[in-house]
Amino acid sequence: LQDKLNKAIKTLKGQGRITEINVAATIKEVRRALTDADVNYKVAKDITDRIRDKALDRKVLISVEPGQLFVKIVQEELTELMGGEAQGINVKGDPAVVLIAGLQGSGKTTFSGKLASHLKRQGRNVLLVAADIYRPAAIDQLKVLGEQVGVEVYSEPENKNAVQIAQNAISQARKTGKKIVIVDTAGRLAVDEAMMQEIEAVKRAISPTETLFVVDSMTGQDAVNTAKTFNERLDFDGVVLTKLDGDARGGAALSIKTVVNKPIKFISTGEKMEALDVFYPDRMASRILGMGDVISLVERAQQAFDEEEAKRINAKMRKNQFDFDDFLSQLQQIKKMGNVKDLLGMIPGMGKMIKDLDIDNDSFKPIEAIISSMTPKERQRPDIIDGSRKKRIAAGSGTNITQVNNLLKQFDEMRKMMKKMNTMQASGKLNKMMK
Ligand code: GDP
Ligand code: MG
């Protein structure tokens, strides 16, 4: 019997209708947080579907701290989706060639300088190459950055052939013993065929060790489409997400990783040459979810759910349809608010009176057990509970007939009371009384 009781309580706490809705509400909140952070809707949906399955699978709601376990699952899932571990770039080769591609203004030139500085600090001998042939200012920009970080810059201001410039730079690197060549290229404001053909030609000619696609995190959903196009044409090795010092929540990281399935390798968080970071999926997961603020998401979902449930039950009370299911739901709400004795103790003068009384959350257990041993029909229409049904309920819940009778009696009185109040309210008596 004890076994059965335990099982009933577990069912109550765990897998009933109510908790299913709770998960659904929380999932909805998480999905909204993701789309707010610029995660593509379809990606967000796939992710939250997975999280829901995991949450139900790991029995989040019967765990000691459902909120925390839930948060852990969300974090884990996002981290895993973004590649789990941080991934560096491959700079093996003699020389190793890194090709930088992306739209105009995405931060290619800035990143090239940063990467050169980063590698130089690791003791590498680096050459920067200005292969942006369309804007004379672009060459100067790279030269300034090169000077700043102490890395030589290769350029041919008169040459209008990006492929040739890149090839010449690599021969020069071989001659002068440079071990890593970083090729900064031209971008356009939007994807266009001429640009794609040029960057494809450069790639074919120099067979880079590593091709990195640079994308502005502030461009949100567009970043995903751009990444997709560049990946189809260039089959790049990794992504650099820039301008993360702004308001962007970084959802682009998640969408891009999911859609093109290439790792994000670096993030850029400012215009200064030091503002380059290796990409850490777990940190980005926190950022996307609002700096680890998922707990409040869970709480908000819970609250919204509680309010809806209260409204629903209120409506049923008014229509005299209050049944044992509603009663059970109310009991659980009260329990969620904390220890019953503590709650009562907050009423002035009550503390002393209840000091020796044996009220705690466990006092509800027999009641919960009795209700859960009722069939759905019995919960809705307790008047059908006759002698043999009572016997069955008592046995199933590990209680006795007297306890079952008491609960039925109390419930009946409660319903009569509600009905009375409803009729009084309807005839306006209650309003008069209150005045
Ligand atoms: P490119 O056209 O792709 O070569 O882009 P640039 O490197 O010239 O960068 C375009 C603008 O964005 C410049 O004003 C940079 O200073 C700025 N920028 C680049 N990366 C970052 C970053 O991570 N954060 C911020 N705030 N600005 C950046
Ligand atoms: Mg540039």
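Keep in mind that what you see is a predicted model, and the values were worked out from it rather than measured.

1. Quick word on the sheet that holds strand S7 (residues 264–268)
No. 1: Reading across the sheet, the eight strands line up as S3-S2-S4-S1-S5-S6-S7-S8 and stay open at both edges, with mixed pairing between neighbours. With partners counted over all chains shown, the strands left at the sheet margins are strand S3 (152–154) and strand S8 (276–278), one partner each. Here the strands of the sheet are splayed against their neighbours by 25° on average, with no regard to which way each runs.
No. 2: Two strands pair when backbone bridges link them, and strand S2 (residues 126–131) and strand S4 (residues 180–185) are joined in this way by six bridges, in the parallel orientation. Bridge assignment links Ala131 to a residue of S4, and that residue is Thr185.
No. 3: In the packing of helix H8 (residues 193–206) onto the sheet, the strands contacted are strand S1 (96–102), S4 and strand S5 (210–216), and the crossing angle to S1 comes to about 175°.

2. Description of the side chain of Lys262
No. 1: Of note, Lys262 is situated in the loop between helix H10 (251–260) and S7.
No. 2: Here Asn231 takes part through its side chain, which lies 2.7 Å from a polar atom of the side chain of Lys262.
No. 3: A polar contact of 2.7 Å, which involves the side chain of Lys262, links it to the side chain of Asp235.
No. 4: In this structure Lys262 touches Asn231, Asp235, Phe236, Asp237, Val239 and Lys257, once residues within four positions along its chain are discounted.

3. Considerations on the packing of helix H7 (residues 162–176) against H8
No. 1: Two elements in contact, H7 and H8, have axes separated by 9 Å at closest approach and are oriented at 30°. Comparing the axis directions of H7 and H8 gives the class roughly parallel. Judged by the sense of rotation from one axis to the other, the crossing of H7 with H8 is right-handed. When H7 is examined against H8, the residues Ala162, Val163, Ala166, Gln167 and Ile170 are found in contact with a partner set consisting of Glu198, Ala201, Val202, Ala205 and Ile206.
No. 2: The class makeup of the residues in the contact of H7 with H8 is eight nonpolar, one polar and one charged.

4. Let's talk about the site of ligand 1
No. 1: In the vicinity of ligand 1 there are 16 residues, among which Gly105, Thr110, Asp245, Ser268 and Glu271 approach most closely.
No. 2: One of the side-chain nitrogen or oxygen atoms of Gln141 is found 2.9 Å away from an oxygen atom of ligand 1.
No. 3: Residue Gly270 places a main-chain N or O atom 3.1 Å away from an oxygen atom belonging to ligand 1.
No. 4: Considering each element in turn, the shell around ligand 1 owes the most residues, three residues, to helix H5 (residues 108–121).

5. Considering helix H11 (residues 281–288)
No. 1: Along H11, the residues classified as buried are Pro281, Met284, Ala285, Arg287 and Ile288. Buried residues of H11 fall within an arc of 165° about the axis and therefore sit on the same side.

6. Regarding the environment of Pro95
No. 1: With respect to the helices and strands, the residue Pro95 is situated in the loop between helix H4 (66–81) and S1.
No. 2: For the pair Pro95 and Ser171, spaced 76 residues apart in sequence, the C-alpha separation works out to 9.4 Å.
No. 3: Those residues in contact with Pro95 that lie beyond four places of it in its chain are Ile170, Ala173, Arg174, Lys178, Lys179, Ile180 and Val181.

7. Points about the packing of aromatic side chains
No. 1: Per the stated rule, a full pass over the model turns up seven aromatic pairs.
No. 2: When the ring of Phe322 is compared with that of Phe411, the centres are 6.0 Å apart and the planes differ by 25°; the resulting orientation is stacked. Taken together, the positions of Phe322 in the loop between helix H12 (294–318) and helix H13 (324–336) and Phe411 in helix H19 (residues 401–426) put the pair 89 residues apart, joining distant regions of the chain. Neither residue differs from the other here; Phe322 and Phe411 are each classed as buried.
No. 3: Consider the rings of Phe324 and Phe327, whose centres lie 6.1 Å apart with planes at 75°: the pair is edge-to-face. Note that Phe324 and Phe327 are positioned in helix H13 at a spacing of three residues, about one turn of the helix.
No. 4: Given the relative accessible area of 15%, Phe327 is considered buried.
No. 5: Within the aromatic cluster, the residues linked to one another by ring pairs are Phe322, Phe324, Phe327 and Phe411.
No. 6: We note Arg188 situated over the ring of Tyr134; from NZ or CZ to the ring centre the distance is 4.9 Å.
No. 7: Of note, Lys262 hangs over the ring of Phe236, and the distance from its end group to the ring centre comes to 5.3 Å.

8. Quick word on the pattern of salt bridges
No. 1: By the definition in use, this model includes 24 salt bridges.
No. 2: Between Arg52 and Asp49 there is a salt bridge whose closest N-O contact spans 3.8 Å. Here Asp49 and Arg52 lie together in helix H3 (residues 41–57), a separation of three residues that amounts to about one turn.
No. 3: The partner of Lys178 in a salt bridge is Glu152, with the nearest N and O atoms 3.3 Å apart. A residue pair is termed long-range when its members are at least 10 positions apart, and Lys178 in the loop between H7 and S4 and Glu152 in strand S3 qualify at 26 residues.
No. 4: Overall, the relative accessible area of 11% leaves Lys178 in the buried class.
No. 5: On the basis of relative accessible area, Glu152 is assigned to the partly exposed category, the value being 39%.
No. 6: One network of salt bridges, with partners in common, ties together Arg31, Lys45, Asp49, Arg52 and Asp53.

Thresholds, definitions, all that
Residues numbered from 1 in each chain as written. Chains lettered and ligands numbered in written order. Predicted model: local features only at pLDDT ≥ 70, side-chain atom pairs only at ≥ 80, totals over all residues. Heavy atoms only, no water. Pairing = 2+ DSSP bridges. Helix = DSSP H or I, 4+ residues; strand = E, 2+ residues; numbered from the N terminus. Axes fitted to C-alpha atoms, helices over the stretch in contact; angles between N-to-C directions. Contact = heavy atoms within 4.5 Å. Polar contact = N/O pair within 3.5 Å; in protein donor to acceptor, adjacent residues only side chain to side chain. Parallel < 35°, antiparallel > 145°, perpendicular 65-115°, else oblique. Left-handed = near helix turned anticlockwise from the far one by under 90°. Nonpolar A, V, L, I, M, F, W, Y, C, P; charged D, E, K, R; others polar. Near = heavy atom within 4 Å. Buried < 20%, exposed > 50% of the residue type's maximum accessible area, 1.4 Å probe, protein only. Arc of directions from axis to C-beta. Phe/Tyr/Trp six-rings, centres within 6.5 Å; stacked < 30°, edge-to-face > 60°. Lys NZ or Arg CZ within 6 Å of the ring centre and 35° of its normal. Salt bridge = Lys/Arg side-chain N within 4 Å of Asp/Glu carboxyl O.

Worth remembering: the numbers are spatial, not functional.
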